[in-house]
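Structural features, examined
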Amino acid sequence: MTPSNAPERYYNYAYLDEQTKRMIRRSILKALAIPGYQVPFGSREMPVPYGWGTGGIQLTAAIIGPEDVYKCIDQGADDTTNAVSIRRFFAKVADVETTEDTGQATIIQSRHRIPEKPLKANQVMIFQVPQPEPLRGLEPRETETRAMHAYAEYGLQYVSLYESVSAYGRIATGAGYPVMIEERYLMSPSPIPKFDNPKLNDSEAVLLFGAGREKRIYAVPPHTTVRSLDFDDYPFEVQTWEQSCALCGSEDSYLDEVDLDDAGQKMFVCSDSHHCAERREAGHAGPMAGHALDQSKEPAP
Amino acid sequence: MSQTLDLAKIHPGFLDPVRESQAVFRKVMDAVARPGSVADLAFAVDGPPGLDCAAAAVALTLFDFETPVWLDPALAGGEAEGWIRFHAGCPLTPETSRAAFALVARAQDCPPLSAFNQGDAKYPDRSTTVIVQVAGLEGGEPVVLTGPGIKTETVIAPRGLPHGFWEQLETNNAQFQYGVDVMLVAGQLLLALPRSTRAQIRKG
């Protein structure tokens, strides 16, 4: 592999130019100093379209070094197109080792999941964020939502949750469930399932959020209070399943429902592909173990 | 500020700017994410006279043409100023309230934290990051830190801070979301005190 700073290298190390990295790095430090507050940043054009993780990629590019071990997941899976291509991108432009193993990784970039394995203090979790503003669905004007954050005026959010209770009998939000950071800033956890919200609270790892199209960076430092909004009589609760994972038998992981045929056959499997594979290797088996989908299928790099 | 630089007097910056600034940033990011934890930046750079190694490393990593920098009078006009202007290319400002970063050579001479930019209600990120060189990060009065990034509490004991500094920091924290973010630097070591951190002198 060509050393990162060899003159013949076509791109700068980690793709971004140094001034862009400095700008993003400054934004990250301010984001960590004001947990949950959205720092505007000069988001650049990336070699993928908006919506494909440009915010997360820019955060990764600004912090990654050759010593890092990089993991990228999409909805929990290591082997989806988006995750594979972003992983290869950083293997190429940042000379990093990549992995599917949650425990090995030092930087984990994710679209919409937090791995099942608890994060550690030496890890940085990077979230790709489509819409950083939790209040955007309620108030379209940025000038107004910024003022609402400035004065911690979050009544509208509670009205919205109340309306959900009155319409559905429960708080119906399943993903992107709003959280309060240190009882000050309302924050969107990105569209992770609310199943993952409790993992944000008092995390060991640094959590960084990047929205490329919306040009915002925000962060949750380790050991920070992250509270999912709720009411005394309608407390926050996470999804549960009657099924266990069809392949590994896990009863406490987040499950995806997979249609198997046109006759309505379906299976429930772990959304976290590495978690599931690791359990199967350890000898755990679910009711459909041995199914054709039950094989590791990471394409050759 | 407009005199030409004597290049012969300018100390080198990073030998490998890409790698070293990345390595420095990761340490600094961790220090800000875990207030009170000490980052060792010995690997990075020997700064010019008057500037501690860690302060110099932060300057090269974070300063550029977008960041007005306020230099303490002990640094302004000297070799350190020339070094920063040459390597970082940042504008210098004499107004504390306009500075994105402030470099204080001697903690004893640090202007009141309230003199720096405190940020805007809607854009609190626009406040000044104040880098203060202290005599040491150990051996001073024990101070208990709590807040985001700290599991229970962290005790630090930096030396050489001016009288009343911790009261200023308490006021700084009390006005959250406004406030400056502080980094204390001694030689190659750095620790961060972002505005979210509560600091109290240990009693008894």
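Small disclaimer: the values here were computed from a predicted structure and weren't measured. (Residues numbered from 1 in each chain as written. Chains lettered and ligands numbered in written order. Predicted model: local features only at pLDDT ≥ 70, side-chain atom pairs only at ≥ 80, totals over all residues. Heavy atoms only, no water.)

**What about the interface of chain A and chain B?**
- Every contact between the two is made by 47 residues of chain A and, on the other side, 43 residues of chain B.
- Here chain A and chain B share an interface that buries about 3,500 Å² over both sides, 58% of which is from carbon and sulfur atoms.
- Three residues, Arg26, Leu29 and Lys30 of chain A, lead the burial of chain A against chain B; their summed loss comes to 18% of the area buried on that side.
- Remark: the boundary between chain A and chain B carries six salt bridges.
- For Arg26 of chain A, the salt bridge identified is with Asp64 of chain B, shortest N-O distance 3.2 Å.
- Our count for the chain A to chain B interface comes out at 22 residue pairs in polar contact (both at pLDDT 80 or more).
- The element that contributes the greatest number of residues to the side of chain A that touches chain B is helix α1 (residues 18-33) of chain A, accounting for twelve residues.
- Within the side of chain A that touches chain B, the residues separate by chemical class into 27 nonpolar, eight polar and twelve charged. (Contact = heavy atoms within 4.5 Å. Buried area = accessible area lost by both parts, 1.4 Å probe. Salt bridge = Lys/Arg side-chain N within 4 Å of Asp/Glu carboxyl O. Polar contact = N/O pair within 3.5 Å; in protein donor to acceptor, adjacent residues only side chain to side chain. Helix = DSSP H or I, 4+ residues; strand = E, 2+ residues; numbered from the N terminus. Nonpolar A, V, L, I, M, F, W, Y, C, P; charged D, E, K, R; others polar.)

**Here we look at unusual backbone geometry**
- Here Phe176 of chain B and Gln177 of chain B are connected by a cis peptide whose omega angle stands at 15 degrees.
- When you line up the elements, Gln177 of chain B lands in the loop between α4 (165-174) and β7 (181-186).
- One non-glycine residue, Tyr15 of chain A, lies in positive phi territory at about 70 degrees.
- Tracing the chain through its elements places Tyr15 of chain A in the segment before α1.
- Its identity as a non-glycine residue notwithstanding, Ser190 of chain A has a phi of 70 degrees, on the positive side.
- As for its position among the elements, Ser190 of chain A is in the loop between β7 (185-187) and α6 (197-200).

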